[in-house]
Amino acid sequence: MAALKFVRREDGLTYEFTEDGEAHGFPSFKRVDLDIWCRRLPHFGWVVCTESGAVSSRPFDHAGFGYLPPAGAWVSRKDDRSYVYDLVRVTS
């Protein structure tokens, strides 16, 4: 796995993440334009978060405790707004 894309259902806005090391024994993905990460946090599952661990997005249907982040619906929250994204795994 080399990359992930989060595609916002509302308007198709896409955020791209590339694999960048690991965190807590699992692959870690960094957003290409900001210091935002897709990581599996211990005892919490896969999330999109800041370097310090502040969560902004997570899988909608289940926490995602697999080795890779689960494809499908994710929900995000920023201030008083929420969005639904589809996580798409990009393979080389």
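Before any of the text, the structure's been laid out above.
Residues numbered from 1 in each chain as written. Predicted model: local features only at pLDDT ≥ 70, side-chain atom pairs only at ≥ 80, totals over all residues. Heavy atoms only, no water.

A.B. asks: What am I meant to see in the overall build of the protein here?
C.D. replies: A tally of regular secondary structure across the protein gives zero helices and eight strands. From first element to last, N terminus to C terminus, the protein shows the α and β order β-β-β-β-β-β-β-β. Taking 92 residues into account, the globule formula puts the C-alpha radius of gyration at 12 Å, and the protein, at 12 Å, falls close to it. Dimensions of the protein along its principal axes, counting C-alpha atoms only, are 35 × 30 × 25 Å. (Helix = DSSP H or I, 4+ residues; strand = E, 2+ residues; numbered from the N terminus. Rg over C-alpha atoms; globule rule 2.2 N^0.38 Å.)

A.B. asks: Honestly, the packing of aromatic side chains in this entry has me stumped. Any pointers?
C.D. replies: Both the distance between ring centres and the angle between the ring planes are used here to describe each pair of aromatic rings. Taken as a whole and assessed by the stated rule, the structure comprises six aromatic pairs. Note on Phe6 and Trp74: the rings are 5.1 Å apart at their centroids and 80 degrees apart in plane angle, and the pair reads as edge-to-face. Linking Phe6 in strand S1 (residues 3–8) with Trp74 in strand S7 (residues 72–78), this pair joins segments that are 68 residues apart in sequence. Comparing Phe6 with Trp74, the two get one shared label, buried. Plain terms: the ring middles of Tyr15 and Tyr85 are 6.0 Å apart, the flat faces sit at 45 degrees to each other, and that makes the pair tilted. Highlighted residues: Tyr15 in strand S2 (residues 14–23) and Tyr85 in strand S8 (residues 81–90), separated in sequence by 70 residues. The class for Tyr15 is partly exposed, based on a relative accessible area of 23%. Residue Tyr85 is classed as buried on the basis of its relative accessible area, which comes to 7%. Chaining the aromatic ring pairs together yields one cluster made of Phe6, Phe17 and Trp74. For the cation-ring pair, Arg39 lies above Trp37, with the distance from its terminal atom to the ring centre recorded as 4.1 Å. (Phe/Tyr/Trp six-rings, centres within 6.5 Å; stacked < 30°, edge-to-face > 60°. Buried < 20%, exposed > 50% of the residue type's maximum accessible area, 1.4 Å probe, protein only. Lys NZ or Arg CZ within 6 Å of the ring centre and 35° of its normal.)

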